[in-house]
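Each chain, letter by letter, is given below.
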Amino acid sequence: MSAERAYRRLLLTYPKRWREVHGEEALSVLMDAAEARERHRPSAADAADLLGHGLLARLALATGRLDARARETAAVLAMASLTALLLLTLLMGEWWPWPAGGPDAPLASWPGTPGPFHTLGGPVVAAAIGVPVLVLLGRPRAARAGLAIVLPALALLPAATAVLDLRRPALWTLAALVAFGLLSLAAPVRHRGRFAGLAAMLSAAVLLAVWSGTAAGYDPRSDFYYGNALLPVLATGPYAVALAAAFAAGRRALLAPVVLVGACWLGLFAARAWHGDGTYAVVSLVGAAMLASLALIPTARVRFRLVVAGNETAPRP
Amino acid sequence: MYTGSMTEAMREPTYLILTAMAAGRQHGYGLVQEVAELSGGRVRLRAGTLYGALDRLTAEGLIAADGEEVVAGRFRRSYVLSEDGARALAVETAQRRATAGVAVRRLRALGVQV
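The model shown is predicted, which means the values in this text are computed figures rather than measured ones.

## With respect to the overall build of chain B
Next, step 1: Tallying secondary structure elements over chain B gives 5 helices and 3 strands in all.
Next, step 2: Helices (α) and strands (β) of chain B occur, in sequence order from the N terminus, as α-α-β-α-α-β-β-α.
Next, step 3: Scored against the burial criterion, the 114 residues of chain B give a buried share of 32%.
Next, step 4: Of the contacts made within chain B by residues no fewer than 6 positions apart, 50% connect residues no fewer than 24 positions apart.
Next, step 5: When the accessible area of chain B is evaluated, it comes to approximately 6,400 Å², of which 54% is carbon and sulfur surface.

See the structure below:
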């Protein structure tokens, strides 16, 4: 394959609109550089550079269609959701640090799994918690770099565990974590005060739930993977708290974020409904109804204001 | 409008690209060569990084496209520094010069010649 053809193929990672504007000039730069270095095919570094920036350009194009405030709210909600699900996965699924009070002993680590974790997902999830910590410390750029490492690691877990003959968290958990991580890349999380409040509430809610489970003498770890509606219920609670807080802060720009982030949670619940019993279907319906009701609030508020003021030209929510 | 210096330091490749353009209009590969020369070979811009920076700088109004031509069958688009871009470069240069001045004074106090 000629160098030009190989570079053209790599440039396909960029969106069509970008290629129409920059495609030919970028190709000229690539060919000039290849000739200067006497290369007849793209180097691995060139390929990685084009793939990375091409995907970023696609993400920017996709998110550019949402207004900046909606993107920021989506990122905050997604990061809060990611935090909640990471904590739930770590504490309820991978590592149960307290002795179970009930008749069932805690599940042991799968042979060959590093550390005290139930599956190979444990160390990855534990490392991923560093991302929300970086956000809380006011390091959004470092948090994004952390996501760039953690998300591929989560996505590659099914393949890695298959090769190493180890266990992994459930696929729907991994899919939801990756989806929340990608959504949180939709905009830089800069307002750490706002996020800190959300994260604090989420952490408190999750820890409260864990404490409740301990107090009841109940080992929820097996349920986290194989059992009943515990996860959806616990996950819905913190999300509802986060959503309510974000409504208070963000108001009208929330419709798109609610749909985006809510769809991830509902996808997670729906996967459980398909895999488990009817309990999840009920929880999914309740969750959908709750999200739909909340999403209608800003619309209703604006309509009310329109009626009161008689102003038909006010901006749509 | 340039707001970068208010929130975060300008990154090295961005600073070098703006410095390269301060000499006049440049096309993509010309920028790659100029940046390599300015940085003493430390920074070698790849096409993805270069066009990511050019897109961002154009969106921020610091540079603008300025003419297209085909040379030896290759399409080239040139870019120039805008007035906002020149101001941003001046602000960043002043900040870097001030920091460098402090570093030089402190190193001399330690007996290290710079």
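Next comes the rest of the account.
## So, the pattern of salt bridges
Next, step 1: With the rule as written, the count across this model stands at 14 salt bridges over all chains.
Next, step 2: With its nearest N and O atoms 2.5 Å apart, the salt bridge here joins Asp84(B) to Arg87(B). Of the two residues, Asp84(B) and Arg87(B) both sit in helix H5 (residues 83–109), 3 residues apart, roughly one turn of that helix.
Next, step 3: On the basis of relative accessible area, Arg87(B) is assigned to the partly exposed category, the value being 48%.
Next, step 4: Beyond isolated ion pairs, a larger network of salt bridges with shared partners links Asp32(A), Glu35(A), Arg74(B) and Arg76(B).

## Looking at the nonpolar core
Soluble globular proteins: nonpolar side chains tend toward being buried together.
Next, step 1: Within the largest apolar cluster, 40 residues are counted, with the highest numbers of intra-cluster contacts made by Tyr7(A), Leu11(A), Leu50(A), Ile17(B), Leu50(B), Tyr51(B) and Leu54(B).
Next, step 2: Listing elements by their share of this core, those giving two or more residues are helix H1 (3–11), helix H2 (16–36) and helix H3 (44–64) of chain A together with helix H2 (12–21), helix H3 (28–38), helix H4 (47–59) and H5 of chain B.
Next, step 3: At 8 residues, the largest contribution of residues to this core is made by H2(A).
Next, step 4: Membership of the second largest hydrophobic core comes to 27 residues, among which are Leu82(A), Phe117(A), Leu147(A) and Leu166(A).

## As for the side chain of Asp32(A)
Next, step 1: You can see Asp32(A) is positioned in helix H2.
Next, step 2: The residues contacting Asp32(A), other than those within four sequence positions of it, are Tyr29(B), Arg74(B) and Arg76(B).

## Focus on the packing of aromatic side chains
Next, step 1: Per the counting criterion, the structure on display carries 2 aromatic pairs over all chains.
Next, step 2: Ring plane angle 20° and centroid distance 3.9 Å describe the contact between Tyr14(A) and Trp18(A), whose orientation is recorded as stacked.
Next, step 3: Classification of Tyr14(A) by relative accessible area gives buried; the value is 2%.
Next, step 4: Assessed through its relative accessible area of 11%, Trp18(A) is described here as buried.
Next, step 5: On the numbers, 6.2 Å between centres and 90° between planes, the contact of Trp18(A) with Tyr51(B) is edge-to-face. Remark: Tyr51(B) occurs in helix H4 and Trp18(A) occurs in helix H2; the pair is interchain, linking two chains. Here Trp18(A) matches Tyr51(B) in class, with each residue buried.
Next, step 6: Ring-pair connections join several aromatic residues into one group, and the members of that group are Tyr14(A), Trp18(A) and Tyr51(B).

## Quick notes on the interface of chain A and chain B
Next, step 1: Taken together, the contacts link 24 residues of chain A with 18 residues of chain B.
Next, step 2: The three residues of chain A that bury the most area against chain B are Glu25(A), Val29(A) and Arg141(A), which together make up 30% of that side's buried surface.
Next, step 3: Taken together, chain A and chain B are joined by 5 salt bridges.
Next, step 4: Residue Arg76(B) pairs with Asp32(A) through a salt bridge whose shortest N-O separation is 2.7 Å.
Next, step 5: The interface formed by chain A and chain B contains 13 residue pairs in polar contact (both at pLDDT 80 or more).
Next, step 6: When contributions to the side of chain A that touches chain B are tallied by element, the ones reaching two or more residues are H2 and H3 of chain A.
Next, step 7: A per-element tally of the side of chain A that touches chain B places H2(A) first, with 14 residues.
Next, step 8: Partitioning the side of chain A that touches chain B into residue classes produces 11 nonpolar, 4 polar and 9 charged.

## As for a nonpolar patch on the surface
Next, step 1: Taken together, Leu107(B), Leu110(B), Val112(B) and Val114(B) make up a surface patch of nonpolar side chains, about 370 Å² in accessible area.
Next, step 2: Within the element layout of this structure, Leu107(B) appears in helix H5.

## Let's talk about helix H7 (residues 140–164) of chain A
All names here are of chain A.
Next, step 1: Counted at 1.5 Å a residue, the expected span for H7 with its 25 residues is 36 Å, and the 34 Å between its end C-alpha atoms agrees.
Next, step 2: The largest bend in H7 is about 50°, located at Leu 157, with the proline Pro 158 one to four residues further on.
Next, step 3: Buried residues of H7: Ala 143, Gly 146, Leu 147, Val 150, Leu 151, Leu 154, Leu 157 and Thr 161, and no others.
Next, step 4: Once H7 finishes, Asp 165 follows within two positions and takes phi at roughly 60°, a positive value.

## Brief notes about the confidence of the model for chain A
Next, step 1: Of the residues in chain A, 48% reach a pLDDT of 70 or more, and the chain-wide mean stands at 67.
Next, step 2: Note on residues 100–106 of chain A: pLDDT is under 50 here. Beyond four places in sequence and across chains, it has 8 contacts.

## What about the sheet that holds strand E1 (residues 26–27) of chain B?
Residue and element names in this part refer to chain B.
Next, step 1: Pairing within the open sheet is antiparallel, and its 3 strands lie in the order E1-E3-E2. Strands with a single pairing partner mark the edges of an open sheet, and in this sheet they are E1 and strand E2 (63–71).
Next, step 2: Two elements, E2 and strand E3 (residues 74–81), share 7 bridges in a ladder whose sense is antiparallel. Across the sheet, residue Val 71 finds its bridge partner in E3, namely Arg 74.
Next, step 3: Seen against the sheet, H2 touches E1, E2 and E3 and runs at an angle of roughly 90° to E3.

The rules we used
- Residues numbered from 1 in each chain as written.
- Chains lettered and ligands numbered in written order.
- Predicted model: local features only at pLDDT ≥ 70, side-chain atom pairs only at ≥ 80, totals over all residues.
- Heavy atoms only, no water.
- Helix = DSSP H or I, 4+ residues; strand = E, 2+ residues; numbered from the N terminus.
- Buried < 20%, exposed > 50% of the residue type's maximum accessible area, 1.4 Å probe, protein only.
- Contact = heavy atoms within 4.5 Å.
- Areas by Shrake-Rupley, 256 points an atom, 1.4 Å probe, with all protein chains shown as cover.
- Salt bridge = Lys/Arg side-chain N within 4 Å of Asp/Glu carboxyl O.
- Core = buried A, V, L, I, M, F, W, Y, C linked by side-chain atoms within 4.5 Å.
- Phe/Tyr/Trp six-rings, centres within 6.5 Å; stacked < 30°, edge-to-face > 60°.
- Buried area = accessible area lost by both parts, 1.4 Å probe.
- Polar contact = N/O pair within 3.5 Å; in protein donor to acceptor, adjacent residues only side chain to side chain.
- Nonpolar A, V, L, I, M, F, W, Y, C, P; charged D, E, K, R; others polar.
- Patch = residues over 30% accessible without salt bridge, like charges linked within 9 Å, V, L, I, M, F, W, Y side chains within 5 Å.
- Expected span 1.5 Å × (residues − 1).
- Bend = angle between axes of the 7 residues up to and from the residue.
- pLDDT = per-residue confidence, 0-100.
- Pairing = 2+ DSSP bridges.
- Axes fitted to C-alpha atoms, helices over the stretch in contact; angles between N-to-C directions.

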